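# An overview of the molecular structure
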Amino acid sequence: DQQVKQNSPSLSVQEGRISILNCDYTNSMFDYFLWYKKYPAEGPTFLISISSIKDKNEDGRFTVFLNKSAKHLSLHIVPSQPGDSAVYFCAASARGRDDKIIFGKGTRLHILP
Amino acid sequence: DVKVTQSSRYLVKRTGEKVFLECVQDMDHENMFWYRQDPGLGLRLIYFSYDVKMKEKGDIPEGYSVSREKKERFSLILESASTNQTSMYLCASISTGSIRGTDTQYFGPGTRLTVL
């Protein structure tokens, strides 16, 4: 049973346009959400996060939106740049001592010239 | 600058061999994790540890064991490697209670293991 779902395995976006990556979750106990970016042959790196008490968090070109009623979050990248081509993982965690993070399967983003 | 290091970037082993993957972090983090990444399956948690000598099974612990004798080191062991364990293995660490703060989970560079 997948608790964090990224239904688009890949996405292609023109350079300069907005990239929107989507993520759905099923566990209503999740209260913290993260996005990671991963290049081939490297470990994932943290990109941006959001707590369930917020509905938006912005950091430069990256904005994460959280819709708790729909159990949906999205990552917006604007404007998209060639270096944004990577796999993006959505992740979530629930209150508890083990701080386990549940990851989605990832979405591969291709930025087209 | 947080550093999570893994002993090997690439490893090739034969079926049935015992394999040790080592992970070391230098930030005095309590929690450490082992994941594997496979195409189309994302990141899947194998084992994690929230303290020295403590370990918890993740989502796919079968075929693996772990060791946490020192706080900074978390080892993943494949007792008898099989071809379906060919994968990218990622270690991560985070300090307790910081997951909802400004810190986050830090990953090592990964070990690509091929089992022949």
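Residues numbered from 1 in each chain as written. Chains lettered and ligands numbered in written order. Predicted model: local features only at pLDDT ≥ 70, side-chain atom pairs only at ≥ 80, totals over all residues. Heavy atoms only, no water.

Further remarks concern the overall build of chain A. Scanning chain A for helices and strands turns up zero helices and 11 strands. Relative to the globule expectation of 13 Å for 113 residues, the C-alpha radius of gyration of chain A, 14 Å, shows essentially globular dimensions. Its C-alpha atoms give chain A principal-axis dimensions of about 45 × 30 × 20 Å. By residue count, 45% of the 113 residues in chain A fall in the buried class. Carbon and sulfur atoms provide 49% of the accessible area of chain A, an area that totals close to 5500 Å². Charge-centre separation for chain A: the mean point of 14 positive side chains lies 3 Å from the mean point of 11 negative side chains. (Helix = DSSP H or I, 4+ residues; strand = E, 2+ residues; numbered from the N terminus. Rg over C-alpha atoms; globule rule 2.2 N^0.38 Å. Buried < 20%, exposed > 50% of the residue type's maximum accessible area, 1.4 Å probe, protein only. Areas by Shrake-Rupley, 256 points an atom, 1.4 Å probe, with all protein chains shown as cover. Lys, Arg positive; Asp, Glu negative; His and termini not counted. Charge placed at Lys NZ, Arg CZ, Asp CG, Glu CD.)

Turning to the overall build of chain B, a few remarks are in order. Assigned secondary structure in chain B consists of zero helices and 11 strands. Put simply, chain B runs from its N terminus to its C terminus through helices and strands in the order β-β-β-β-β-β-β-β-β-β-β. Burial statistics for chain B: of 116 residues in total, 49% are counted as buried. Considering only contacts in chain B between residues 6 or more positions apart, those separated by 24 or more positions represent 56%. (Contact = heavy atoms within 4.5 Å.)

Residue and element names in this part refer to chain A. Ordered in space as E1-E3-E8-E7-E6, the five strands form an open sheet in which the pairing is antiparallel. Because the sheet does not close on itself, it has two edges, and the strands there are strand E1 (4–5) and strand E6 (56–59). In the sheet, strand E3 (residues 19–25) pairs with strand E8 (residues 72–77) via six bridges, with the strands oriented antiparallel. Each bridged residue has a counterpart across the sheet, and for Ser19 the counterpart in E8 is Ile77. (Pairing = 2+ DSSP bridges.)

Scanning the model with the defined rule gives 13 aromatic pairs over all chains in all. With 5.2 Å between their ring centres and 85° between their planes, Phe103 of chain A and Tyr35 of chain B make a pair best called edge-to-face. Of this pair, Phe103 of chain A sits in strand E10 (residues 102–103) while Tyr35 of chain B sits in strand E4 (residues 31–38), placing the two residues on different chains. As far as the burial class goes, Phe103 of chain A and Tyr35 of chain B line up, both buried. A ring pair is formed by Phe103 of chain A and Phe107 of chain B, whose centres lie 5.9 Å apart and whose planes are at 70°; its orientation type is edge-to-face. You can see Phe103 of chain A sitting in strand E10 and its partner Phe107 of chain B sitting in strand E10 (residues 106–107), one on each of two chains. For Phe103 of chain A, a relative accessible area of 7% corresponds to the buried category. (Phe/Tyr/Trp six-rings, centres within 6.5 Å; stacked < 30°, edge-to-face > 60°.)

What follows deals with the sheet that holds strand E3 (residues 19–25) of chain B. Residues and elements named next belong to chain B. A sheet is described by the order of its strands in space; here four strands give the open sequence E1-E3-E8-E7, paired in antiparallel fashion. Taken across any chain shown, the strands that pair with only one partner, and hence form the sheet edges, are strand E1 (4–6) and strand E7 (65–70). Adjacent strand axes in the sheet meet at a mean angle of 20° when their direction is disregarded. In the sheet, E3 pairs with strand E8 (residues 73–78) via six bridges, with the strands oriented antiparallel. The partner of Val19 across the bridge, within E8, is Leu78. (Axes fitted to C-alpha atoms, helices over the stretch in contact; angles between N-to-C directions.)

Turning next to the pairing of strand E11 (residues 111–115) of chain B. All names here are of chain B. Going residue by residue along E11, you find Thr111, Leu113 and Val115 tucked away on one face and Arg112 and Thr114 left uncovered on the opposite face. Sheet topology places strand E9 (residues 87–94) next to E11; three bridges connect them, and they run antiparallel. Across the sheet, residue Tyr89 finds its bridge partner in E11, namely Thr111.

Residue and element names in this part refer to chain B. Here chain B shows a mean pLDDT of 88. Residues at 70 or above account for 90%. No element of chain B has a lower mean pLDDT than E10, at 88, and none a higher one than E8, at 97. Confidence over residues 98–102 falls short of pLDDT 50; this stretch has 14 contacts with residues more than four positions distant or in other chains. (pLDDT = per-residue confidence, 0-100.)

Residues and elements named next belong to chain B. Relative to the helices and strands, Ser75 is located in strand E8. A distance of 2.7 Å separates polar atoms of two side chains, one belonging to Ser75 and the other to Glu22. Aside from chain neighbours lying at most four places away, what touches Ser75 is Leu21, Glu22, Trp34, Ser65, Val66 and Ser67. (Polar contact = N/O pair within 3.5 Å; in protein donor to acceptor, adjacent residues only side chain to side chain.)

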